[in-house]
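Okay, here's what each chain looks like letter by letter:
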Amino acid sequence: MPNATEQPTDTYDFVLVGGGSAGCVLAARLTEDPATRVLLLEAGAPVEALPEAVATPPAWPSLAATEASWGERTEPQGPDGGLVALPRGKGLGGSSAINAMVFARGHRSSYDAWAGLGAPGWSFDDLLPWFRRTETALGGGTGRGTDGPLIVGPAAAPNDVLLALLDGAVSTGHRRALDISGGLEEGFAPVDLNIVDGRRQSAADAYLTPVLGRPNLRVVTGARAHRLLLDADRCTGVEYTVDGRGHTARAARETVLTAGTLGSAHLLLSSGIGPADELRATGVEVRHALPGVGRNLHDHPRANLVHRTRREVPAARHNHGEIIGLLRGPGAGDGGPDLQLIFIDLALPNPVAPVENGFSVGVSPMRPASRGTLRLASADPFAPPVIDPRYFTEEQDVRAVLSGIATARAIVASGALSSWGAEEVAPGPAVTSAADLAGYARRFFGSYCHPVGTCAMGEHENAVVDPALRVRGLTGLRIADASVLPSIPSNNTNATVYALAERAAALLRDAS
Ligand SMILES: Cc1cc2nc3c(=O)[nH]c(=O)nc-3n(C[C@H](O)[C@H](O)[C@H](O)COP(=O)(O)OP(=O)(O)OC[C@H]3O[C@@H](n4cnc5c(N)ncnc54)[C@H](O)[C@@H]3O)c2cc1C
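Model, not experiment: these values are computed from the prediction.

**With respect to the site of the ligand**
Then step 1. Lining the immediate surroundings of the ligand are 37 residues, of which Ser21, Glu42, Ser95, Val102 and Asn494 lie closest.
Then step 2. Contact distances for the ligand include 3.1 Å between a nitrogen atom and a backbone N or O atom of Ala43.
Then step 3. Separating an oxygen atom of the ligand from a side-chain N or O atom of Ser95 is a distance of 2.7 Å.
Then step 4. Contact with the protein chains hides 96% of the accessible area of the ligand, taken as 1,000 Å² for the molecule alone.
Then step 5. Listed by contribution, the elements that provide at least two residues to the shell around the ligand are helix 1 (21–30), strand 12 (223–231), helix 6 (260–270) and helix 10 (494–510).
Then step 6. Per-element accounting of the shell around the ligand gives the leading share, 3 residues, to strand 12.
Then step 7. Of the residues contributing to the shell around the ligand, the split by class is 15 nonpolar, 17 polar and 5 charged.

**What to know about the side chain of Gln340**
Then step 1. By the element assignment, Gln340 lies in strand 19 (residues 339–344).
Then step 2. For Gln340, a relative accessible area of 1% gives the class buried.
Then step 3. A distance of 2.5 Å separates the side chain of Gln340 from the side chain of Tyr448, its partner in a polar contact.
Then step 4. Once you skip the residues sitting within four places of it in the chain, Gln340 turns out to touch Ile324, Gly325, Leu326, Gly362, Val363, Ser364, Met366, Tyr448, Asn491 and Asn492.

**Brief notes about the domain arrangement of the chain**
Many structure descriptions define interface size as the accessible area lost when the parts assemble.
Then step 1. Under the domain assignment used here, the chain contains domain 1 (1–102 + 199–299 + 372–390 + 450–512) and domain 2 (152–193 + 301–367 + 392–444).
Then step 2. The C-alpha-based centres of domain 1 and domain 2 are spaced at 32 Å.
Then step 3. On the side of domain 2, 21 residues touch domain 1, which itself brings 17 residues to the contact.
Then step 4. For the pair domain 1 and domain 2, the summed buried area comes to about 1,400 Å², and 52% of that belongs to carbon and sulfur atoms.
Then step 5. Interface area lost by domain 1 to domain 2 is led by Val102, Ser490 and Asn491, which between them contribute 33%.
Then step 6. Applying the counting rule to domain 1 against domain 2 returns 1 salt bridge.
Then step 7. One salt bridge connects Asp80 with Arg443, and the closest N-O pair in it is separated by 2.9 Å.
Then step 8. Scanning the region where domain 1 abuts domain 2 turns up 8 residue pairs in polar contact (both at pLDDT 80 or more).
Then step 9. In terms of residue class, the side of domain 1 that touches domain 2 is made up of 10 nonpolar, 4 polar and 3 charged.

**Concerning the packing of aromatic side chains**
Then step 1. As enumerated under the stated definition, the model contains 10 aromatic pairs in all.
Then step 2. Consider the rings of Tyr111 and Phe124, whose centres lie 6.1 Å apart with planes at 40°: the pair is tilted. Residue Tyr111 is found in helix 2 (residues 108–112), and its partner Phe124 is found in helix 3 (residues 124–134); the two are separated by 13 residues along the sequence. Comparing Tyr111 with Phe124, the two get one shared label, buried.
Then step 3. Taken together, the ring pairs in this structure connect Tyr111, Trp114, Phe124 and Phe131 into an aromatic cluster.
Then step 4. A cation over a ring is seen here: Arg311 above Trp420, with NZ or CZ 3.8 Å from the ring centre.
Then step 5. For the cation-ring pair, Arg503 lies above Trp122, with the distance from its terminal atom to the ring centre recorded as 4.2 Å.

**Quick word on unusual backbone geometry**
Then step 1. Omega for the peptide link from Ala426 to Pro427 comes to 5°, which places this bond in the cis form.
Then step 2. Summarising the element assignment, Pro427 is placed in the loop between strand 23 (422–426) and helix 9 (434–444).
Then step 3. Positive phi is not limited to glycine here, since Asp197 has a value of about 50°.
Then step 4. Considering the arrangement of structural elements, one finds Asp197 in the loop between strand 9 (195–196) and strand 10 (199–200).
Then step 5. You will see that Asp243, though not glycine, has its phi angle at about 50°, which is positive.
Then step 6. Locating Asp243 in the fold gives a position in the loop between strand 13 (234–242) and strand 14 (245–257).

**Re helix 6**
Then step 1. With 11 of its 11 residues buried, helix 6 lies for the most part within the structure.
Then step 2. Taken as a whole, helix 6 has its buried residues at Gly260, Thr261, Leu262, Gly263, Ser264, Ala265, His266, Leu267, Leu268, Leu269 and Ser270.
Then step 3. One or two steps after helix 6, the chain reaches Gly272, where phi turns positive at roughly 85°.

**Observations concerning the environment of Glu322**
Then step 1. On the secondary structure map, Glu322 appears in the loop between strand 17 (301–309) and strand 18 (323–327).
Then step 2. Put simply, Glu322 and Leu193 are 129 residues apart on the chain and 7.7 Å apart in space, counted from C-alpha to C-alpha.
Then step 3. Those residues within four positions of Glu322 in sequence are excluded, and the remaining contacts are Ala155, Ala157, Pro158, Asn159, Leu162, Ala189, Pro190, Val191, Leu193, Phe343 and Asp345.
Then step 4. Within polar-contact distance, the side chain of Glu322 engages the backbone nitrogen of Asn159 at 2.9 Å.

**Regarding the packing of helix 1 against helix 10**
Axis angle and axis distance: for two packed helices, these are the angle between their axes and the distance between the axes, and together they describe the pair.
Then step 1. The geometry of helix 1 relative to helix 10 is characterised by a closest axis approach of 8 Å and an angle of 35° between their N-to-C directions. Once helix 1 is placed against helix 10, the crossing between them reads as right-handed. When helix 1 is examined against helix 10, the residues Ser21, Ala22, Val25, Leu26, Arg29 and Leu30 are found in contact with a partner set consisting of Asn494, Val497, Tyr498, Ala501, Glu502, Ala504, Ala505, Leu508 and Arg509.

Conventions adopted
Residues numbered from 1 in each chain as written. Predicted model: local features only at pLDDT ≥ 70, side-chain atom pairs only at ≥ 80, totals over all residues. Heavy atoms only, no water. Near = heavy atom within 4 Å. Polar contact = N/O pair within 3.5 Å; in protein donor to acceptor, adjacent residues only side chain to side chain. Areas by Shrake-Rupley, 256 points an atom, 1.4 Å probe, with all protein chains shown as cover. Helix = DSSP H or I, 4+ residues; strand = E, 2+ residues; numbered from the N terminus. Nonpolar A, V, L, I, M, F, W, Y, C, P; charged D, E, K, R; others polar. Buried < 20%, exposed > 50% of the residue type's maximum accessible area, 1.4 Å probe, protein only. Contact = heavy atoms within 4.5 Å. Domains from an automatic or database assignment. Buried area = accessible area lost by both parts, 1.4 Å probe. Salt bridge = Lys/Arg side-chain N within 4 Å of Asp/Glu carboxyl O. Phe/Tyr/Trp six-rings, centres within 6.5 Å; stacked < 30°, edge-to-face > 60°. Lys NZ or Arg CZ within 6 Å of the ring centre and 35° of its normal. Axes fitted to C-alpha atoms, helices over the stretch in contact; angles between N-to-C directions. Left-handed = near helix turned anticlockwise from the far one by under 90°.

Okay, structure coming up:
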């Protein structure tokens, strides 16, 4: 354990822990006031030291295996007990620097449900000004922003095979949406992407890099926070290491965790803030009992139907997944869409046979009921956490996937795909019974990489932060990242995190 006192202590107004999607937004917005001193700590590398593939959209799938990802796997999941890769970004930009660049709000129903989960004040209409503030939406659309830092829009020329699938969706009775990224529509359409002039635009690119010259902002990379400093019930700052040497940063106003769903919960637990029995059992002194920390972990699992085509699929120029559908399966009830289909211009690795030329359709339950945990492996704050999302432990998540597979098969079988000579390889045409399809989904899914909820916001006993994002029972400490979302929005998560961070910046400014 490094000696945290060997370096001088620095004091700032705000100390931000984690330079990902949320951390970059907060660093930029809080330092707009020249009198506000901000320290941003990031465990990973600066932008210029990240792999070149970060900037090259079609190369994104390679990034999970580089130093730009933490590289964790879950506990055994599913009937065969496989360890599921759960990448998360490491470096300025965080997960926005390695993600698939889909930029979409959840359907409004997913935010409107949060009040019923004990988190009032975060409905779609409450969030709308903050969504708008993040973006310049080139495709237009109702309620979209026109002058935010993220320049977003659908691919100008999606891959031909994906356009054929879109035609197939419409010809089999699905709605052609105008703006599937805006949170108001259902159906199929090209989705907005975080790609500008052929290059990825990460949170660092959009928010942080333009303000790095501000004298009131200090960014330290390679800085791993390992313990929050508590003075009775006040958080006064954080201990971190750089190159194995310990440092202390003090926050005169607030410390803000933006370390992500895995990182923020991990840091709280390592600091003795969490479920008391669990902390004691791991040998960590309980500094503040908070039963919800690390609970309510959930994510979107995604199963893929993989196809071989006789016609050659054109080389990818964008993010491979330029068109999505947001749908209601039979179990959706009144709660809004519960299923996403994503059309992918790659034949993904699959358990049946290697495919050189083809496409895939990803099927993901958007309102998963399964809930899991993040726990400490040991009292060593540098040991990776134990991650157990418990994917597909609730039958309704499997049922949603089955309805999505049926929809995908009908689309691929439509006349719109006839010139492509498409043949389903995985799970394969012989796999038709609900039990066999469920078995395929449970064994061969992957994470869609949207974990949320380990520090859920709310006013109930298991809430970790209140609706103003303050850690319950403490002062001087807030959390403002994907970990506070009470449930996953019904789409990819990044746009929601950006909006949350914009709102968090305003909450922090107004608290002075
Ligand atoms: C492979 C992949 C693909 C995805 N695809 C999409 C997509 O196409 N569209 C979409 O909307 N969403 C996608 N997501 C999800 C989306 O990117 C995330 O939900 C979002 O970026 C989360 O933002 P965050 O600020 O909560 O965390 P992050 O962006 O992950 O940032 C957390 C940061 O904190 C740092 N950190 C963690 N612990 C510490 C510590 N102890 N000390 C210092 N720093 C620390 C991390 O290194 C990281 O930089 C994807 C994610 C991944 C990983």
